[in-house]
Amino acid sequence: MDLTFTPAEEEFRSELRSWLAAHVPEEWARPGFWESLGDDESFRLRRDWERDKADAGFAGIEWPVAYGGRGGTPGMKAVYDEEMVRAHAPRTVNPLGLAFLAPTVMAIGTDAQREEIIGPLLRNEVIWCQGFSEPGAGSDLAALATRGVRDGDEFVVNGQKVWTTNAVHGDKIFALVRTEPGSERHRGISMLLIDMNQPGVQARPLRQMSGASEFGEVFFDDARVPVTDCLGEIGDGWRTAMLLLSFERGASGISQYTEFRRQYDEIVAVARRLGRDTDPVVRDELARVLTELECLRLHSMHVLTEVEQGRDLGFEASMTKLQWSEAFQDLWEVCDRILGEHATLDLLPDGTDLRPMHAQAMWSRSVTIWGGSSQVQRTITAERVLGLPR
């Protein structure tokens, strides 16, 4: 395991850090700033800022230069993740397109798809959603029921997707659709690239308990999709989906560690304000979760080393998901216990704004469910990594 970065990667860090210092307003780091904005205003602000960042050459860090990227190393991408968190830079508005769709298009897309999708996606000219989950097909995605019937040079799509990130702001959606009548399970599925700004596509927001509407549900009612807007082979969408999701495996968890470590320091500061920092039980719990976070850091560097050496992580990615999601959840459970009765307040007596912490605590409840629940990840790890019997 290599715990260092190369001179070129450190030079990139210095360049990026200087740009962020000049282009991330101080007020963005103020607790509660983003929560004070409406969903539409927050989305617009982040979209414009991220487009400027791309124009400055700080997007697509590992992408080939031919596709508008920087042609950097996995280490540079890790540095990028670290510095973005440290600078309080806003999270991307195009996460699924950047992380999953673009690399898949680079790998198996047609020349026309590469030209039409990759550049506009990088510059946030087109916001992409992912249409996988359905009301009756979540963890069991192969049970999906959205159907596409061939009509000449088009598919006519009917069905519903749910828990769709950025649904109400999306321009297009890459969706798994059953395109072969009578097919079941993994067979007869295609990945269609669907224009959301057309008759027959409706997106509705889903309000979360934090008040945000990051997710939505999408309804297809005779939406039309050109046959040429199928990514990969028609009927082979399951293979395309597995390729798409495989690009998650290069993620080392460094950005999660950096963000969680900052949150840990904020929780310790609140414990001191409340006089809980001398409580031996609190100190023990803080020490335990700090140990978890440092284990996450070391695991993240191990994963980065493996990726830089060209090794396929395969199903070990399930271990990373388990580690960061459960460490994050444990962190905020400790915070709730430290706050005690103060957890019901928006402000501490000294004026400390607790609303951002409440939002993180509520969000933490979801992370062991989405992206593959902890139960599913443990099963994968047991069977595919440890070789235990089914």
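Each value, and the rule that gives it
Residues numbered from 1 in each chain as written. Predicted model: local features only at pLDDT ≥ 70, side-chain atom pairs only at ≥ 80, totals over all residues. Heavy atoms only, no water. Helix = DSSP H or I, 4+ residues; strand = E, 2+ residues; numbered from the N terminus. Buried < 20%, exposed > 50% of the residue type's maximum accessible area, 1.4 Å probe, protein only. Contact = heavy atoms within 4.5 Å. Areas by Shrake-Rupley, 256 points an atom, 1.4 Å probe, with all protein chains shown as cover. Lys, Arg positive; Asp, Glu negative; His and termini not counted. Charge placed at Lys NZ, Arg CZ, Asp CG, Glu CD. Pairing = 2+ DSSP bridges. Axes fitted to C-alpha atoms, helices over the stretch in contact; angles between N-to-C directions. Parallel < 35°, antiparallel > 145°, perpendicular 65-115°, else oblique. Nonpolar A, V, L, I, M, F, W, Y, C, P; charged D, E, K, R; others polar. Core = buried A, V, L, I, M, F, W, Y, C linked by side-chain atoms within 4.5 Å. Salt bridge = Lys/Arg side-chain N within 4 Å of Asp/Glu carboxyl O. Expected span 1.5 Å × (residues − 1).

*Asks:* So what's going on with the overall build of the protein? Residues and values would help.
*Replies:* The secondary structure content of the protein amounts to 11 helices and 8 strands. Each of the three principal axes of the protein carries a C-alpha extent, and together these read 70 × 50 × 45 Å. Within the span of the protein, comprising 390 residues, buried residues form 47% of the whole. A separation of at least 24 residues holds for 72% of the contacts in the protein among residues at least 6 apart in sequence. On the protein, roughly 19,000 Å² of surface is accessible, and the fraction owed to carbon and sulfur atoms is 52%. The positive charge centre, built from 42 side chains, and the negative charge centre, built from 62, are 2 Å apart in the protein.

*Asks:* Residue-level account of the pairing of strand S2 (residues 147-151), with values.
*Replies:* Pairing between S2 and strand S3 (residues 154-165): 5 bridges, direction antiparallel. Bridging across to S3, glycine 148 finds its partner in valine 157. Counted between consecutive antiparallel strands, the loop separating S2 from S3 contains 2 residues, among which glycine 152 sits at a positive phi close to 65 degrees.

*Asks:* Outline the side chain of glutamate 83, supporting the account with residue identities and numerical values.
*Replies:* Tracing the sequence through the fold places glutamate 83 in helix H3 (residues 74-86). Overall, the relative accessible area of 3% leaves glutamate 83 in the buried class. Once residues lying within four places of it in the same chain are set aside, the contact partners of glutamate 83 are Arg13, Leu16, Arg17 and Leu20.

*Asks:* How would you summarise the packing of H3 against helix H8 (residues 280-308) if you had to cite specific residues and measurements?
*Replies:* Between H3 and H8, whose axes approach to 9 Å, the crossing angle comes to 150 degrees. Taken together, the axes of H3 and H8 are roughly antiparallel relative to one another. Residues Pro74, Gly75 and Ala78 of H3 form the contact with H8, whose participating residues are Leu304, Val307 and Glu308. Split into classes, the residues belonging to the contact of H3 with H8 amount to 4 nonpolar, 1 polar and 1 charged.

*Asks:* Help me get a handle on the nonpolar core, residues and values and all.
*Replies:* By size, the foremost hydrophobic cluster in this structure holds 29 residues, and its most contacted members are Leu101, Trp128, Phe132, Phe174, Leu176 and Met191. Looking at this core, the elements with two or more residues in it are helix H4 (95-108), helix H5 (111-122), strand S4 (172-178), strand S5 (189-195) and helix H6 (237-246). Ranked by residue count, the leading element in this core is H4, at 6 residues. Residues in contact with phenylalanine 174, not counting those within four places in the same chain, are Leu96, Leu101, Trp128, Cys129, Gln130, Gly131, Phe132, Met191, Leu192, Leu193 and Leu244. Formed by 26 residues, the second largest nonpolar core is a distinct cluster that contains Tyr264, Ala271, Leu354 and Val367.

*Asks:* An account of the pattern of salt bridges is needed here, citing residue identities and associated values.
*Replies:* With the rule as written, the count across this model stands at 29 salt bridges. Of the charged contacts, one joins glutamate 83 and arginine 13 as a salt bridge, the two residues approaching to 2.7 Å between their closest N and O atoms. Residue glutamate 83 is found in helix H3, and its partner arginine 13 is found in helix H1 (residues 7-23); the two are separated by 70 residues along the sequence. We classify arginine 13 as buried; its relative accessible area is 8%. Residues glutamate 134 and lysine 161 are paired through a salt bridge, measuring 2.8 Å at the closest nitrogen-oxygen approach. Here lysine 161 lies in strand S3 and glutamate 134 lies in the loop between strand S1 (128-131) and S2, a separation of 27 residues in the sequence. Neither residue differs from the other here; glutamate 134 and lysine 161 are each classed as buried.

*Asks:* Can you explain H5? Please cite residues and give values.
*Replies:* Its 12 residues place the ends of H5 17 Å apart at the C-alpha level, agreeing with the 16 Å of an ideal helix rising 1.5 Å per residue. All of the buried residues in H5 are Gln113, Ile117, Ile118, Gly119, Pro120, Leu121 and Leu122. Here the buried face of H5 lies against helix H2 (39-55), H4, S1, S5 and strand S8 (230-231). Where H5 terminates, the next one or two residues include asparagine 124, which has phi positive at roughly 65 degrees.

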